[in-house]
2 protein chains.
Amino acid sequence: MRADAQRNRERLLDAAVELILEVGGEPSRDAIASRAGVGIGTLYRHFPDQQSLLKAVALHVLDRTITAGEGALADSASGGEALRRYMHLAIDHGLGVINIIYPLIEHADWPDQRARAASLLLTIVDRAQSDGVMRPDATATDVGFAVIRACRPLAVGLPPDEERALAHRHVDICLDGLTDTPSTPSSG
Amino acid sequence: MRADAQRNRERLLDAAVELILEVGGEPSRDAIASRAGVGIGTLYRHFPDQQSLLKAVALHVLDRTITAGEGALADSASGGEALRRYMHLAIDHGLGVINIIYPLIEHADWPDQRARAASLLLTIVDRAQSDGVMRPDATATDVGFAVIRACRPLAVGLPPDEERALAHRHVDICLDGLTDTPSTPSSG
DNA sequence: GCTAATCGGAGTATAATCCTCCGCTTACTG
DNA sequence: CAGTAAGCGGAGGATTATACTCCGATTAGC
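Residues numbered from 1 in each chain as written. Chains lettered and ligands numbered in written order. Predicted model: local features only at pLDDT ≥ 70, side-chain atom pairs only at ≥ 80, totals over all residues. Heavy atoms only, no water.

*Asks:* Explain the overall build of chain A here, please?
*Replies:* Each helix and strand counted, chain A has 9 helices and 0 strands in total. For chain A, the succession of helices and strands along the chain, N to C, is α-α-α-α-α-α-α-α-α. The C-alpha atoms of chain A give a radius of gyration of 17 Å, which matches the 16 Å a tight globule of 188 residues would have. Of all 188 residues assigned to chain A, the portion counted as buried reaches 50%. If you take every contact in chain A between residues at least 6 apart in sequence, the share linking residues at least 24 apart comes to 68%. As displayed, chain A has an accessible area near 8500 Å², and 53% of this comes from carbon and sulfur atoms. (Helix = DSSP H or I, 4+ residues; strand = E, 2+ residues; numbered from the N terminus. Rg over C-alpha atoms; globule rule 2.2 N^0.38 Å. Buried < 20%, exposed > 50% of the residue type's maximum accessible area, 1.4 Å probe, protein only. Contact = heavy atoms within 4.5 Å. Areas by Shrake-Rupley, 256 points an atom, 1.4 Å probe, with all protein chains shown as cover.)

Okay, here's the thing in structure tokens:
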């Protein structure tokens, strides 16, 4: 694959992630291409149909979130810290986009990302619970949904950076609800 | 005002609320009319432009939420109970729609609803805090935003009743985060 | 019954979005 | 540093969604 093609592909994915998070729904193809600073033809060459684009976006985001999450888990001193770090980094990596490909998740023909994500999240939750900081009735699903919710745009007209700050604030609140001890507000 | 006109007006408002909550954004006028079981002409007669419709929707929802909230506050035994009841009833009354009219809130020419809502929320938060159940660093804004977030659709394709159940579950988690003591999961 | 208010929805105008196509540009290769 | 195949951009036509009007049919209220 030629270098410029690779670069444009990544620009398109990043633009798509941004727009999905801003709009809270599927953005138009024209909008994605123009945000990526790329011709509309280029978008269609890389992603012939909507489905392939959405799938690529999901894998892109899942991938980098899982990688970052595994790293955070590895060098966290406690289950509570791992949980907190995971939730915040998931926001920063754009995990919120998966609300859009929800219907695709069921019959996903994609690789082991899904299993890997589930296993990571379960490990974190298990560890937090056996450390005694996380309430036993809280589930991995609660954690996942809390992150997705935090990523949804809150109010039309709010600039992206404010949205992001509010998302982190909200996740801290959820963290307190999911755990027994108040979490230290994180700085990112 | 003729009885059927009044009835249709209310149907339109209710349909608009439903759709806004389902879609998470502004629904089309055609969709609203058809959901309300009313001709498109009827919609335009009642609400000549988008702005007047959105404003009416907001007032409609604010009104019934405030009324219910004041009632709940009046017969709650504690600040904690008032807070919990308020958050859950706000979901049920559709307070989530206000994310859509956010840009209108600033220069709103509408009556005292806004002040009434603010005062109700502040009273509840004050009471919860002086009762010692709510963390002092949590704010009325946190409460409001938590409710709005809980009302946003979580995943495309999820049926409305599941969305609603998840919203209540989420609010319970936030409630635990905002308060010092775990809240009893409410049944509505 | 009468009538003025209200309704419904077919139908046109407008705008958004989709997608193709092809001449131009650029990264790689020898 | 040419040669060339891969890749790019975006004009523009097709398609679809949405906005809005208009008027004959209907109905509430007297």
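Let us keep going from here.
*Asks:* Honestly, the interface of chain A and chain B in this entry has me stumped. Any pointers?
*Replies:* Counting residues at the interface gives 29 residues for chain A and 29 residues for chain B. Counting the surface lost from both chain A and chain B, the interface buries some 2600 Å², and carbon and sulfur atoms represent 58% of this. Applying the counting rule to chain A against chain B returns 4 salt bridges. For Arg169(A), the salt bridge goes to Asp142(B), with nearest N and O atoms at 2.3 Å. When the residues that make up the side of chain A that touches chain B are grouped by side-chain class, the tally is 19 nonpolar, 3 polar and 7 charged. (Buried area = accessible area lost by both parts, 1.4 Å probe. Salt bridge = Lys/Arg side-chain N within 4 Å of Asp/Glu carboxyl O. Nonpolar A, V, L, I, M, F, W, Y, C, P; charged D, E, K, R; others polar.)

*Asks:* In this structure, what is going on with the protein's contact with DNA strand D? I would like to understand it.
*Replies:* Lining the immediate environment of DNA strand D, one finds 18 residues, of which Arg2(A), Asn8(A), Thr42(A), Arg45(A) and Arg29(B) sit closest. In the interface set of DNA strand D, defined as its atoms within 4 Å of the protein, sugar plus phosphate atoms amount to 62%. Between DNA strand D and Ala3(B), the relevant distance is 3.1 Å, taken from a phosphate oxygen to a main-chain nitrogen or oxygen of the residue. Looking at the surface near DNA strand D, the elements with two or more residues in it are helix H1 (3-23) and helix H3 (40-46) of chain A together with helix H1 (3-23) and helix H3 (40-46) of chain B. Element by element, the count of residues in the surface near DNA strand D is highest for H3(A), at 5 residues. Of the residues belonging to the surface near DNA strand D, the class tally is 6 nonpolar, 6 polar and 6 charged. (Near = heavy atom within 4 Å. Polar contact = N/O pair within 3.5 Å; in protein donor to acceptor, adjacent residues only side chain to side chain.)

*Asks:* In this structure, what is going on with the protein's contact with DNA strand C? I would like to understand it.
*Replies:* Lining the immediate surroundings of DNA strand C are 19 residues, of which Arg29(A), Arg2(B), Asn8(B), Gly41(B) and Arg45(B) lie closest. Protein-adjacent atoms of DNA strand C, using a 4 Å cutoff, are sugar or phosphate at a proportion of 61%. The side chain of Arg29(A) places a nitrogen or oxygen atom 2.5 Å from a phosphate oxygen of DNA strand C. Elements represented by at least two residues in the surface near DNA strand C include exactly H1, helix H2 (29-36) and H3 of chain A together with H1 and H3 of chain B. Counting residues per element, the surface near DNA strand C draws most heavily on H3(B), which supplies 5 residues. Within the surface near DNA strand C, the residues separate by chemical class into 6 nonpolar, 6 polar and 7 charged.

*Asks:* What should I look at first to understand the relation of the copies chain A and chain B in this one?
*Replies:* Copies of the same chain, two in number, are related to each other by a rotation about an axis and a translation along it. Superposing chain A onto chain B takes a rotation of 180 degrees combined with a translation of 0.0 Å along the rotation axis, leaving an RMSD of 0.0 Å. On this basis, the relationship between the two copies can be described by a two-fold rotation axis. If distances are taken from each C-alpha of chain A to the rotation axis, the shortest is found for Gly177(A), at 1.8 Å. A symmetric contact is evident, with 100% of the interface residues of chain A recurring at the interface of chain B. (Least-squares fit on C-alpha atoms with pLDDT ≥ 70 in both.)

*Asks:* It is not clear to me how the pattern of salt bridges should be interpreted in this structure. Could you clarify?
*Replies:* Opposite charge on two side chains permits them to pair, given that their charged atoms come into close proximity. Under the defined criterion, the tally for this structure stands at 24 salt bridges over all chains. Across the salt bridge formed by Arg135(B) and Asp176(A), the nearest N and O atoms sit 1.9 Å from each other. Separated into two different chains, Arg135(B) in the loop between helix H7 (113-130) and helix H8 (140-151) and Asp176(A) in helix H9 (residues 160-178) make up a pair that spans both. Accessibility classification places Arg135(B) together with Asp176(A) in one group, the buried group. Among the charged side chains, a salt-bridge network with shared partners connects Glu18(A), Glu22(A) and Arg35(A).

*Asks:* Sorry, what's going on with the environment of Arg85(B) here?
*Replies:* Residues and elements named next belong to chain B. Position of Arg85 among the secondary structure elements: in helix H5 (residues 79-92). Along the chain, Arg85 and Gly69 lie 16 residues apart, while their C-alpha atoms are 7.9 Å from each other. Not counting residues up to four positions away in its chain, the partners in contact with Arg85 are Ala72, Asp75 and Ser76. Of the polar contacts made by the side chain of Arg85, one reaches the side chain of Asp75; its length is 3.0 Å.

*Asks:* Please clarify how the side chain of Arg149(A) should be interpreted in this entry.
*Replies:* Of note, Arg149(A) is situated in helix H8 (residues 140-151). Put simply, Arg149(A) is tucked away with no salt bridge, and the nearest opposite charge, on Glu163(B), sits 5.0 Å away. Within the structure, Arg149(A) has its side chain in polar contact with the backbone oxygen of Arg152(B) (distance 3.2 Å). (Lys, Arg positive; Asp, Glu negative; His and termini not counted.)

*Asks:* Would you explain empty space enclosed by the protein in this entry?
*Replies:* Taken as a whole and assessed by the stated rule, the structure comprises 3 cavities of 30 Å³ or more. Each pocket or cavity is described by its volume, and for the second largest cavity that value is around 60 Å³. As for the second largest cavity, its lining consists of Leu166(A), Arg169(A), His170(A), Ile173(A), Asp142(B), Phe145(B) and Arg149(B). The set of elements that each furnish at least two residues to the lining of the second largest cavity consists of H9 of chain A together with H8 of chain B. By residue number, the principal contributor to the lining of the second largest cavity is H9(A), which donates 4 residues. Tallied by class, residues from the lining of the second largest cavity come to 3 nonpolar, 1 polar and 3 charged. (1 Å grid on protein atoms, 1.4 Å probe; cavity = no way out; pocket = protein on both sides within 12 Å on 5 of 7 lines; lining within 4 Å. Points joined across faces, edges and corners; volume = space filled by probe spheres on them.)

*Asks:* Before we go on, may I ask you to explain the domain arrangement of chain A in this structure?
*Replies:* All names here are of chain A. Split into domains, chain A comes out as domain 1 (1-48) and domain 2 (57-188). Computed over C-alpha atoms only, the centres of domain 1 and domain 2 are separated by 25 Å. Between domain 1 and domain 2, the contact holds 11 residues from the first and 12 residues from the second. Together, the buried faces of domain 1 and domain 2 total about 970 Å²; carbon and sulfur atoms form 75% of this surface. Interface area lost by domain 1 to domain 2 is led by Val17, Ile20 and Leu21, which between them contribute 47%. The closest approach of N and O atoms between Asp14 and Arg64, which form a salt bridge, is 3.5 Å. One can count 2 residue pairs in polar contact (both at pLDDT 80 or more) joining domain 1 with domain 2. When the residues that make up the side of domain 1 that touches domain 2 are grouped by side-chain class, the tally is 6 nonpolar, 2 polar and 3 charged. (Domains from an automatic or database assignment.)

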